[in-house]
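Coordinates in review
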Number of protein chains: 2
Amino acid sequence: MADPGAAGPVRKAVLAAHQGFYDAIETGDLDLMASLWADDDASVCVHPGTEAITGSGAIRRSWAMVMAQLGYVQFILTDVTVALVRDAAGEPVTAVVGCTENVLSEAPDGTDAGFAGGRAVATKTLVRAAGGWKVLSHHASPVLMPDEDDEDDE
Amino acid sequence: MADPGAAGPVRKAVLAAHQGFYDAIETGDLDLMASLWADDDASVCVHPGTEAITGSGAIRRSWAMVMAQLGYVQFILTDVTVALVRDAAGEPVTAVVGCTENVLSEAPDGTDAGFAGGRAVATKTLVRAAGGWKVLSHHASPVLMPDEDDEDDE
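This structure is a prediction, so every number in the text was calculated from the model and none was measured. (Residues numbered from 1 in each chain as written. Chains lettered and ligands numbered in written order. Predicted model: local features only at pLDDT ≥ 70, side-chain atom pairs only at ≥ 80, totals over all residues.)

1. Considering the interface of chain B and chain A
Facing 45 residues of chain B, the contacting portion of chain A comprises 44 residues. Looking at the side of chain B that touches chain A, the elements that each hand over two or more residues are β2 (44-46), β3 (52-54), β4 (73-86), β5 (92-106), β6 (115-129) and β7 (132-142) of chain B. Across the side of chain B that touches chain A, the residue classes break down as 24 nonpolar, 13 polar and eight charged. (Contact = placed C-beta atoms within 7 Å. Helix = DSSP H or I, 4+ residues; strand = E, 2+ residues; numbered from the N terminus. Nonpolar A, V, L, I, M, F, W, Y, C, P; charged D, E, K, R; others polar.)

Right, dumping it as structure tokens:
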């Protein structure tokens, strides 16, 4: 079952793969992005506001298109949560990572407007493979109805 | 690693839990909904267009609010995909399920408009627990930019 604590080296390795995902987007490194995904016909990627893309090959092609269209972009991640799932032997096999993506990007059309800001929420499932933690699903979506009360708990 | 085939009884059990999730919404059964979630401080739920809600307690309260506001609603699921993650012994421990939610609901404000339709994309991570497959994360988001070409693959 899930281990909310997820402390120590396992959590660190999961978050390193998670950070690599955003490094890949910021630097436009498609090879790095592709290397972070699990090779699976049923892997899932949802870019904000779009339908799901299924399977490693189609997902790689979608990132090539996204990266070709992106100018300067920077992600500041907040509200990062990690849930770890362990097998019967206590070994971590899966991690669910949630975060808020605070995105700083070039204003469109090369105008003098400078930078544009945006916010999305993302959930990823990572699985432990021989080559490290790999992304099996990534779902990002725009925040259209911000929570005015930052505290979900009473 | 992930097993895209996901055939047979395991896939069937995963999809039964997945269907239970939508049965719970359609019938406004909060106890059923709560019973389908893993008890985890880092479980994640994203309702369409909103920020993430973290932890079993806050997620249950969010569903109570959603259900209190819903009138008639019916989900027709399409594009359902299942990726299975197995442990070293070959036992399935995690499943990632993607789907399109085609939503039929009452038109707002009790007008004579009848029904309203909508479409969202959802990704869930389920984990195998003693009591069956439980939802560790659910992320749903509106489809703002429909894919005009239904084939993601060339």
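2. Details of the environment of Pro-92 of chain A
Residues and elements named next belong to chain A. Among the secondary structure elements, Pro-92 is positioned in strand β5 (residues 92-106). Here Pro-92 falls in the buried class, since 20 other C-beta atoms lie within 10 Å of it. In this structure, the C-alpha to C-alpha distance between Pro-92 and Arg-128, residues 36 residues apart in sequence, is 7.4 Å. When sequence neighbours within four positions are dropped, the list of residues in contact with Pro-92 reads Val-10, Leu-84, Arg-86 and Arg-128. (Buried ≥ 20, exposed ≤ 12 C-beta atoms within 10 Å, placed from the backbone.)

3. Details of helix α1 (residues 8-27) of chain B
All names here are of chain B. Between its terminal C-alpha atoms α1 stretches 28 Å, which fits the 28 Å expected from 20 residues at 1.5 Å a residue. Every buried residue of α1 is listed here: Val-14, His-18, Phe-21 and Ile-25. In an axial view of α1, the angular spread of the buried residues amounts to 40 degrees, which keeps them on one side of the axis. Turned more than 90 degrees off the buried face of α1, the exposed positions are Gly-8, Pro-9, Lys-12, Ala-16 and Thr-27. Against the buried residues of α1 lie β4, β5, β6 and β7. Once α1 ends, the next one or two residues include Gly-28, with phi positive near 60 degrees. (Expected span 1.5 Å × (residues − 1). Arc of directions from axis to C-beta.)

4. Regarding the confidence of the model for chain A
All names here are of chain A. Here chain A averages 89 in pLDDT, and 87% of its residues register 70 or above. In the predicted structure, residues 1-6 sits below a pLDDT of 50 and forms 22 contacts with residues beyond four places in sequence or in another chain. Predicted confidence is poor over residues 150-154, with pLDDT under 50, and the contacts of this stretch with residues over four places away or in other chains come to four contacts. As a predicted assembly, this complex carries a pTM of 0.89 together with an ipTM value of 0.88. (pLDDT = per-residue confidence, 0-100.)

5. Digging into the pairing of strand β6 (residues 115-129) of chain A
Residue and element names in this part refer to chain A. For β5 and β6, the ladder comprises 13 bridges, and the chain directions are antiparallel. In the sheet register, Thr-94 faces β6, and the bridge partner there is Val-127. Looking at chain direction, β6 and strand β7 (residues 132-142) are connected through 10 bridges and run antiparallel. Of the residues in β7, the one forming a bridge with Ala-122 is Ala-140. Following β6, the chain reverses through two residues before pairing antiparallel with β7. (Pairing = 2+ DSSP bridges.)

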